[in-house]
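Coordinates in review
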Amino acid sequence: YRLRESEPGMVLDSSAMGQVEEGVKRLREADTFDLDQSFDASGNGRDMEFLPIIGGPYNRQMYWADFLQQQSLAYEAWTHNPVAKRIVKTIVRFVLGKGVQVSVVSAEKPTGKFEEEMNTNTGKPERVELVEDYREEANEILNKHWKRNNMLARSRQVLTDLIIFGEQFPRYFEVSDGLKVRQIDPATVWEVVSDPDDCESEFYLHQQYSTRFQTWVTGPIPTIKYIIRQVPAKHYYHMRINVVSGEMRGRSELFAILGWLKRLKEFGSDRVILNKMANLFLLDIAVEGDASAVETARQQFAAPPTPGSYYIHNTASKMTPISPNLRAGEALSDWQMLYVLIACGAGVSPEYLGLPTAGGKADALIGTEPDIKTFEDYQEIMEGFYQQDAQRCFDYAIEQGKLPKGLEIRVEASFPELANENRSEKLKDIAFLESMSWITHRRASEMSAKEMRITTYDYDDEQESIVKEDVESSIKFNAAYVQAKKGQTQDAGAPPARGGEVPGLPPTGGGPQAH
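Along the protein chain, the regular secondary structure elements total 14 helices and 11 strands. Expressed as a percentage of the 515 residues in the protein chain, the buried residues total 29%. A total of about 34,000 Å² of accessible surface is found on the protein chain, and carbon and sulfur atoms cover 54% of it.

If you want it as structure tokens, here you go:
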């Protein structure tokens, strides 16, 4: 805070430099620091709970050092803790599945010309404006954009980084053949500058970091650079999760469970040590007699007996193996308790994390229903990313003259199924409700579209398209019928066919044929 309030050009004193060095030291020791450390019996320790002491929404933001620390610890958990890795991968796999398909539903440009058409709902003619269809051209531009930026793989990377770090900054570069998409590391963004009273009105982000050092370089390629730049808001898209209104920076999905992940890891390590100790034992040899008898037994058993050997003795001595009683059966409940806490914090069920539970398929489906809502929340976040990505792509295509101005484009993102439900039964129920006149045809259509996960369904547009298809089909059918009738009329005036001949086809018998 002192550094931020210093005057430009001010020389830092020894006290300020000491604060900077202390902050750097804390960051370097982040991997060994317990983010959720509690006080011990002696009162030693540090309470890491973030409690804002000043009112207002903007004071709920984490301090800069704590923000970097939570990202470092979340990354450490992702790379070293198997449960954290399973959480991130499970969310990404269920949200994106085998891949998301983004397509153009409509791309129309009003022409300013009108004509009369029959309204299928009211049965009355109405004046409708004619439009030009550019859906094929828009789809081609969008497909090239996805192929150029490898958006299928990039979508997984964006979502993975979003879960780990809590925010993402996809950046867009304008090149000759379209837009180039890259990702900005959140740790390099020192500040997102916005309207002081409206954090959603962003102006630019301030980036400052050192690039990696390259050893084996030739020519004009630099070995290392120090970047200081400001990226305007129109060139990036800010994605953040686990925030409240007024917070500028996001929090990792693992932030709330970092302490419990560490405890689970330590618990597992302790169990390994205990199991190793359980395999250890000692031989207790009791000897009747004086000290000389004990010394004689000590020399006799200087080396322990080999496995499978015999120990023949009289009642004057007795050998008893002793092993520690670790009460290993009491550990399962503690292990499950830690798993449940971690699963609750991550928003997924313990079943998704590999913890087996008793019960049938019905119990498993009911237990994992809240997870579907978690995955749908992330699908909504990713759909927002896809929508703005497509809009940027089309806006730049319009600037380049590849698409006309005034184009109205609607894009749909189709996500994979989250659960294998009996959809056929639901559609039958909807059809039954409509047949009993309990719901309207419009409502039945919209419910069916929602069940089929058609996110951009418009009842009026669909009905209009159905009418056009029916008219075109009727015209084609009538033309084919007329053509067929003409053929039958011509065949009726021809001489009777001989045996084995088909009217209207050349004769099949031998001999010369007319061509």
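The next subject is the sheet that holds strand β3 (residues 167–175). Read across the sheet, three strands follow the order β4-β3-β8 without closing on themselves; strand pairing throughout is antiparallel. Single-partner strands in this sheet number two, and they are β4 (178–184) and β8 (239–240). Pairing analysis gives seven bridges linking β3 to β4, with the strands arranged antiparallel. From the neighbouring strand, tyrosine 172 faces β4, where its bridge partner is valine 181. The sheet contacts of helix α11 (residues 369–399) involve β3, β4 and β8, and relative to β3 the element is tilted by about 15°.

Further remarks concern a nonpolar patch on the surface. A cluster of nonpolar side chains, Trp64, Trp190, Tyr226 and Ile228, forms an exposed patch at the surface whose accessible area comes to about 440 Å². Topologically, tryptophan 64 is positioned in helix α3 (residues 64–80).

Take the packing of aromatic side chains next. Inspection of the entire model under this criterion finds 14 aromatic pairs. Here the aromatic rings of tryptophan 64 and phenylalanine 67 are separated by 5.9 Å at their centres, their planes lie at 20°, and the arrangement is stacked. Here phenylalanine 67 and tryptophan 64 lie together in helix α3, a separation of three residues that amounts to about one turn. Measuring from centroid to centroid gives 6.0 Å for phenylalanine 169 and tyrosine 236, while their planes differ by 65°, and the two rings are edge-to-face. Highlighted residues: phenylalanine 169 in strand β3 and tyrosine 236 in the loop between β7 (226–232) and β8, separated in sequence by 67 residues. A relative accessible area of 0% means that phenylalanine 169 is categorised as buried. Looking at tyrosine 236, the relative accessible area reads 3%, which means it is buried. Each residue in the set Trp146, Tyr237, Phe385, Tyr386 and Phe415 is aromatic and connected to the rest through ring pairs, giving one cluster. Above the plane of the ring of phenylalanine 114 lies arginine 127, whose end atom (NZ or CZ) is 4.0 Å from the centre.

Residue position: methionine 151 is located in helix α6 (residues 151–165). Remark: the alpha-carbon pair of methionine 151 and glycine 99, spanning 52 residues in sequence, is separated by 9.7 Å. Dropping the residues within four chain positions of it, methionine 151 is found in contact with His145, Trp146, Val181, Phe385 and Asp389.

Turning our attention to the pairing of β3. The side chains of a regular strand alternate, residue by residue, between the two faces of the sheet. Of the strand pairs in this sheet, β3 and β8 are connected by two bridges, and their pairing is antiparallel. For glutamine 168, the partnering residue across the bridge sits in β8 and is methionine 239. Counting the residues in the hairpin turn of β3 and β4 gives two residues.

Here we take up a negative patch on the surface. A contiguous patch of negative charge on the surface is contributed by Glu446, Asp458, Glu462, Glu469, Asp470 and Glu472. Here the negative patch gets four residues from one element, more than from any other, and that element is helix α14 (residues 459–492). Positionally, glutamate 472 belongs in helix α14.

It is the contact of α6 with α11, at a shortest axis distance of 12 Å, that shows an interaxial angle of 130°. Here α6 lies oblique to α11, going by the angle between them. Every pair of crossing elements has a handedness; the one defined by α6 and α11 is right-handed. When α6 is examined against α11, the residues Met151, Ser155, Leu159, Leu162 and Ile163 are found in contact with a partner set consisting of Tyr378, Ile381, Met382, Phe385, Tyr386 and Asp389. Each residue belonging to the contact of α6 with α11 can be placed in one class, and the counts come to nine nonpolar, one polar and one charged.

What follows concerns the packing of helix α12 (residues 423–435) against helix α13 (residues 441–451). At a closest axis distance of 9 Å, the pairing of α12 and α13 adopts a crossing angle of 175°. Considered as vectors, α12 and α13 are oriented roughly antiparallel to each other. Packed against α12, whose contacting residues are Arg423, Lys426, Leu427, Ile430 and Glu434, the element α13 presents His441, Ala444, Met447, Ser448 and Glu451 at the interface. Here the contact of α12 with α13 is built from residues that sort into four nonpolar, two polar and four charged.

Here we come to a positive patch on the surface. Taken together, Lys85, Arg86, Lys89 and Arg93 make up a surface patch of like positive charges. Along the chain, the position of arginine 86 falls in helix α4 (residues 82–96).

A separate point is the nonpolar core. Counting residues in hydrophobic clusters, the biggest one holds 67 residues, and the most contacted among them are Ile87, Leu96, Leu159, Tyr386 and Phe394. In terms of residues, this core owes the most to one element, α11, which gives 12 residues. What leucine 159 contacts, discounting residues up to four positions off in sequence, is Val92, Val95, Leu96, Tyr378 and Met382. Ranked by size, the runner-up nonpolar core spans nine residues in total, among them Val189, Leu205, Val231 and Tyr236.

Let's shift gears to the sheet that holds strand β2 (residues 125–133). Read across the open sheet, the three strands follow the order β2-β1-β11; overall the sheet is antiparallel. Strands with a single pairing partner mark the edges of an open sheet, and in this sheet they are β2 and β11 (408–414). Recorded for the sheet is a direction-independent mean angle of 40° between the axes of neighbouring strands. Pairing between strand β1 (residues 101–118) and β11: seven bridges, direction antiparallel. Note on β11: the bridge partner recorded for serine 106 is arginine 410. Along the sheet face, helix α5 (residues 135–149) touches β1 and β2 and points at about 165° away from the line of β1. Strand contacts of α11: β1 and β11, with the helix running at about 145° to β11, the strand carrying the most contacts.

This next bit is on unusual backbone geometry. Even without being glycine, asparagine 242 reaches a positive phi, approximately 55°. Along the chain, the position of asparagine 242 falls in the loop between β8 and α7 (258–278). For serine 437, which is not a glycine, the phi torsion comes out positive at approximately 60°. Note that serine 437 resides in the loop between α12 and α13. Using a relative accessible area of 63% as the deciding quantity, one classes serine 437 as exposed.

Rules of the game
- Residues numbered from 1 in each chain as written.
- Predicted model: local features only at pLDDT ≥ 70, side-chain atom pairs only at ≥ 80, totals over all residues.
- Heavy atoms only, no water.
- Helix = DSSP H or I, 4+ residues; strand = E, 2+ residues; numbered from the N terminus.
- Buried < 20%, exposed > 50% of the residue type's maximum accessible area, 1.4 Å probe, protein only.
- Areas by Shrake-Rupley, 256 points an atom, 1.4 Å probe, with all protein chains shown as cover.
- Pairing = 2+ DSSP bridges.
- Contact = heavy atoms within 4.5 Å.
- Axes fitted to C-alpha atoms, helices over the stretch in contact; angles between N-to-C directions.
- Patch = residues over 30% accessible without salt bridge, like charges linked within 9 Å, V, L, I, M, F, W, Y side chains within 5 Å.
- Salt bridge = Lys/Arg side-chain N within 4 Å of Asp/Glu carboxyl O.
- Phe/Tyr/Trp six-rings, centres within 6.5 Å; stacked < 30°, edge-to-face > 60°.
- Lys NZ or Arg CZ within 6 Å of the ring centre and 35° of its normal.
- Lys, Arg positive; Asp, Glu negative; His and termini not counted.
- Charge placed at Lys NZ, Arg CZ, Asp CG, Glu CD.
- Parallel < 35°, antiparallel > 145°, perpendicular 65-115°, else oblique.
- Left-handed = near helix turned anticlockwise from the far one by under 90°.
- Nonpolar A, V, L, I, M, F, W, Y, C, P; charged D, E, K, R; others polar.
- Core = buried A, V, L, I, M, F, W, Y, C linked by side-chain atoms within 4.5 Å.

In short, geometric facts, not functional conclusions.
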